[in-house]
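# Working through the structure, step by step
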Amino acid sequence: MLRRTIASLKSSISLHITEEASIHNAYHCRTFTTQSPLHLREKDRICPKHIDSVITFVLGGPGSGKGTQCAKIVETFGFKHLSAGDLLRKEIVSDSEYGSMILDTIREGKIVPSEVTVKLILRELESGDNHKFLIDGFPRSEENRIAFEHITGSEPNFVLFFDCPEEEMVKRVLSRNQGRIDDNIDTIKKRLKVFESLNLPVIDYYAKKGKLHRINAVGTEDEIFEQVRPVFAACEKATIT
């Protein structure tokens, strides 16, 4: 039954589990409760394997170019790229117990609880030998941020924010021609409002902590990366010393 359901929803999964998922709920459900099989017990909240990892949150509105820059960071500095939306999609198509629960949550028009997304991220932090991570598009809200810090017992080493004017983001999304059903002007503007409402408090929080690197996301890919490169070069130098 789940396989048939997944097949019928394949074209719309991307819409529902990225930051534009359930725009109505993004405005009206600022805090969430979780009674899921992924819920962590208190003794599981510290993740010792990733304590020495370099963790970077990568934030920016739709069309800000953060995905493109993440690919350049991976190629140049050897980070592992984790996308919260991709992890949820992967879990759904795995036909696991958790995937079924995530899909049911989305079908009901609800936002996947932060504890669920954090557990999937945590699993990736614990796997493999790479200890340098880009976490793309997360946290999307203060609730996400608090859940990550509480469950993992850690904070990001630093945060990249790709700061891009709204008109530029709209133009980029409309021109990228990816065939996504949410790439229309009305939906894009709603997504940007959701981003501003939920994501900017996270950005302000990390700015006050001195962990935010604000990148001017206007220009060519290479021009933008020349702003990004020194951040990671300094990180590598600090790690070596």
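Residues numbered from 1 in each chain as written. Predicted model: local features only at pLDDT ≥ 70, side-chain atom pairs only at ≥ 80, totals over all residues. Heavy atoms only, no water.

Test applied: UniProt positions are given in the numbering used here, feature names are shortened, and annotations may be inferred rather than shown by experiment.
The protein chain is annotated in an unreviewed UniProt entry as UMP-CMP kinase from Cicer arietinum. According to its UniProt record, the protein chain has this under Subunit (unreviewed entry): "Monomer." On record in UniProt, under Function (unreviewed entry), the comment for the protein chain is "Catalyzes the phosphorylation of pyrimidine nucleoside monophosphates at the expense of ATP. Plays an important role in de novo pyrimidine nucleotide biosynthesis. Has preference for UMP and CMP as phosphate acceptors."

### Focus on the UniProt feature "binding site: ATP" (unreviewed entry) in the protein chain
We count it as follows: Only DSSP runs of H or I reaching four residues or more are called helices, and only runs of E reaching two or more are called strands; each is numbered from the N terminus. With a 1.4 Å probe rolled over the protein chains alone, any residue whose accessible area is under 20% of its type maximum counts as buried; one over 50% counts as exposed, and the rest are partly exposed. By definition in these notes, contact holds between two residues if any of their heavy atoms fall within 4.5 Å.
In this numbering, the UniProt entry assigns the feature "binding site: ATP" (unreviewed entry) to G63, S64, G65, K66, G67, T68, R176 and G219. If you trace the backbone, K66 turns up in helix α4 (residues 66-77). On the accessibility criterion, K66 (15% relative accessible area) is buried. When neighbours within four sequence positions are excluded, K66 is seen to be in contact with V58, L59, G60, D136, G137 and F162. Of note, G219 is situated in the loop between β5 (212-216) and α11 (221-240). When near neighbours in sequence (up to four residues on either side) are disregarded, G219 contacts R172 and I224.

### Quick word on the pattern of salt bridges
This is how the line gets drawn: In the sections that follow, a salt bridge refers to a side-chain nitrogen of Lys or Arg positioned within 4 Å of a carboxyl oxygen of Asp or Glu.
Counting across every chain of the model gives 14 salt bridges. We note a salt bridge from D136 to K66, for which the minimum N-O separation is 2.7 Å. Here D136 is found in strand β3 (residues 132-136), whereas its partner K66 is found in helix α4, with 70 residues between them in sequence. For the pair shown, D136 and K66 are each scored as buried. Linking E142 and R145 is a salt bridge whose minimum nitrogen-to-oxygen distance equals 2.7 Å. Residue E142 and its partner R145 are both found in helix α8 (residues 142-152); the two are separated by three residues, about one turn of the helix.

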